[in-house]
Amino acid sequence: MLEVEHLSAWYGRTQALFDVSFSLQTGRCMALVGTNGAGKTTTVRSVLGLIRTAGSIRIEGEASERLATPKRVRRHRIAVVHEGRGLLKQLSVFENIVVGLPKSAYGRLDEALDLFPALKSRLSEPVTLLSGGQQQMVALARAVAERPKLLLLDEPSLGLAPGIVDEIYGHLGKLRAAGLTMLLVEQNIARARDFADELCLVQTGRSAFTVPATDTEAVTGLMKLAFNQDQPVRPPLA
Ligand SMILES: Nc1ncnc2c1ncn2[C@@H]1O[C@H](COP(=O)(O)OP(=O)(O)OP(=O)(O)O)[C@@H](O)[C@H]1O
Ligand SMILES: [Mg+2]
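The model shown is predicted, which means the values in this text are computed figures rather than measured ones.

Parameters and conventions
- Residues numbered from 1 in each chain as written.
- Chains lettered and ligands numbered in written order.
- Predicted model: local features only at pLDDT ≥ 70, side-chain atom pairs only at ≥ 80, totals over all residues.
- Heavy atoms only, no water.
- Helix = DSSP H or I, 4+ residues; strand = E, 2+ residues; numbered from the N terminus.
- Contact = heavy atoms within 4.5 Å.
- Buried < 20%, exposed > 50% of the residue type's maximum accessible area, 1.4 Å probe, protein only.
- Pairing = 2+ DSSP bridges.
- Salt bridge = Lys/Arg side-chain N within 4 Å of Asp/Glu carboxyl O.
- Near = heavy atom within 4 Å.
- Polar contact = N/O pair within 3.5 Å; in protein donor to acceptor, adjacent residues only side chain to side chain.
- Areas by Shrake-Rupley, 256 points an atom, 1.4 Å probe, with all protein chains shown as cover.
- Nonpolar A, V, L, I, M, F, W, Y, C, P; charged D, E, K, R; others polar.
- Donors = N, O, S within 2.8 Å, 3.2 Å for Na, K, Ca; no water.
- Axes fitted to C-alpha atoms, helices over the stretch in contact; angles between N-to-C directions.
- Parallel < 35°, antiparallel > 145°, perpendicular 65-115°, else oblique.
- Left-handed = near helix turned anticlockwise from the far one by under 90°.
- Phe/Tyr/Trp six-rings, centres within 6.5 Å; stacked < 30°, edge-to-face > 60°.
- Lys NZ or Arg CZ within 6 Å of the ring centre and 35° of its normal.

**Focus: the side chain of Ser-64**
The residue Ser-64 is located in the loop between strand S5 (62-63) and helix H2 (69-75) in this model. Not counting chain neighbours up to four residues away, the residues in contact with Ser-64 comprise Ile-57, Arg-58, Ile-59, Arg-72 and His-76.

Below, the structure is given as structure tokens:
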């Protein structure tokens, strides 16, 4: 579904990525993990074509580096939940879910809301009246309504209480079970390991290390590497 090779990326003249490579198979989940400022969000932005890059980005087998963002997103049905959710604060819950969707897609709303029934009674409320967890569900409902083939998730659990994070990951688990391919940014390595198929450690703009989530020894090594920077990580689940 997505093959990134030797990716570099720049904000103006500042280089943020130097050499990021990973490969995400259809129906699988790759977690990008790493400390603050490592380049995870920049990798997501690069996949979307939002910033200047060099290197190779193949989506569904097609070279996509030169495809502008709107075309890239439509052609490959990519949905994204941005870091910080990217909701429009002056709009209602309903408006946030449908903004930018073609009218013909409104039929999918029921599908999206069936995943998040708690939102059904809140549709006309300003989105800002919802809790952080509920707002994250709005962002997810919006992404689901786009019926994506590839879902990019940038720290869906950021700033949420552990119970709510469990709930969000419960929803994400349903989407995975339905076969959706996911690129997940997650700072919590234990959480990433429990959810994803593979973990790619990003450090200073480089993909330092990619390991299967089931390889306990390799994940421990990856945790140590991440630990030795500045990020405390909870120990592996028993
Ligand atoms: N808009 C921007 N303009 C200039 N530099 C930026 C911009 N956004 C990010 N950077 C720089 O790019 C590098 C990678 O940042 P990025 O946001 O990708 O990190 P991250 O891994 O997502 O971190 P976090 O976990 O804190 O979200 C950092 O050095 C950061 O300062
Ligand atoms: Mg980020």
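**Let's talk about the pairing of strand S3 (residues 29-33)**
Burial analysis of S3 places five of its five residues in the buried class, the great majority of the element. Residues Cys-29, Ala-31 and Val-33 line one face of S3 and the alternating positions Met-30 and Leu-32 line the opposite face, and both faces are buried. Two strands pair when backbone bridges link them, and S3 and strand S8 (residues 181-185) are joined in this way by four bridges, in the parallel orientation. Within S8, the position partnered with Cys-29 by the bridge is Met-182. The sheet contact formed by S3 and strand S9 (residues 198-203) spans four bridges and is parallel. Bridge pairing in S9 places Val-33 opposite Leu-201.

**Concerning the pattern of salt bridges**
Opposite charge on two side chains lets them pair, provided their charged atoms get close. Under the counting rule described, the total for this entry stands at ten salt bridges. Ionic pairing is found between Glu-62 and Arg-75, a salt bridge with its closest N-O pair at 2.7 Å. In this pair, Glu-62 sits in strand S5 while Arg-75 sits in helix H2, placing the two residues 13 residues apart along the sequence. Under the relative-accessibility criterion, Glu-62 is labelled partly exposed at 31%. Among the salt bridges present, the one from Lys-120 reaches Asp-114, with a minimum N-O distance of 2.9 Å. One continuous salt-bridge network, built from bridges that share partners, spans Arg-28, Arg-176 and Asp-197.

**Observations concerning the site of ligand 1**
Every one of the 14 residues lining ligand 1 counts as a neighbour, but Lys-40, Thr-41, Thr-42, Glu-83 and Gln-187 are closest to it. Gly-37 is positioned such that a nitrogen or oxygen atom in its backbone is 2.8 Å from an oxygen atom of ligand 1. Between ligand 1 and Gly-39 there is a distance of 2.9 Å, counted from an oxygen atom to a backbone nitrogen or oxygen. The fraction of the free accessible surface of ligand 1 (630 Å²) that becomes covered by protein chains is 62%. For the shell around ligand 1, the leading source of residues is helix H1 (residues 40-48), giving four residues. For the shell around ligand 1, the residue count by class is three nonpolar, seven polar and four charged.

**A closer look at the coordination of the magnesium ion (ligand 2)**
Protein-derived coordination of the magnesium ion (ligand 2) comes from Thr-41 (OG1) and Glu-83 (OE), at a distance range of 1.9 to 2.5 Å. Residue Thr-41 is found in helix H1, and its partner Glu-83 is found in the loop between strand S6 (78-81) and helix H3 (93-98); the two are separated by 42 residues along the sequence. For Thr-41, a relative accessible area of 16% translates into the label buried.

**With respect to the packing of helix H4 (residues 108-115) against helix H5 (residues 132-145)**
Packed helices, taken two at a time, are described by their axes: the angle between them and the distance between them. Where H4 contacts H5, the axes come no closer than 9 Å and their chain directions differ by 140°. With respect to H5, the axis of H4 lies oblique. Considering the relative orientation of H4 and H5, their crossing is right-handed. Contacts between H4 and H5 pair Arg-108, Ala-112 and Leu-115 from the former with Ala-141, Val-144 and Ala-145 from the latter. Split into classes, the residues belonging to the contact of H4 with H5 amount to five nonpolar, no polar and one charged.

**Concerning the packing of aromatic side chains**
Between two aromatic rings, the relevant description is the distance of the centres plus the angle of the planes. Here the structure, examined in full by the defined rule, presents one aromatic pair. Ring centres of Tyr-169 and Phe-195 lie 5.1 Å apart, and the angle between their planes is 70°; on these two criteria the pair is classed as edge-to-face. Here Tyr-169 is found in helix H6 (residues 162-177), whereas its partner Phe-195 is found in helix H7 (residues 189-195), with 26 residues between them in sequence. Like Tyr-169, the residue Phe-195 is buried in the burial classification. One Lys or Arg, Arg-176, reaches over the ring of Phe-195 and ends 5.4 Å from the middle of that ring.

**Some points on unusual backbone geometry**
Phi angles above zero are rare outside glycine, and Glu-60 is one such case at about 50°. As for its position among the elements, Glu-60 is in the loop between strand S4 (52-59) and S5. With a phi angle near 75°, Arg-85 is a residue other than glycine that sits in the positive phi range. By the secondary structure assignment, Arg-85 is in the loop between S6 and H3.

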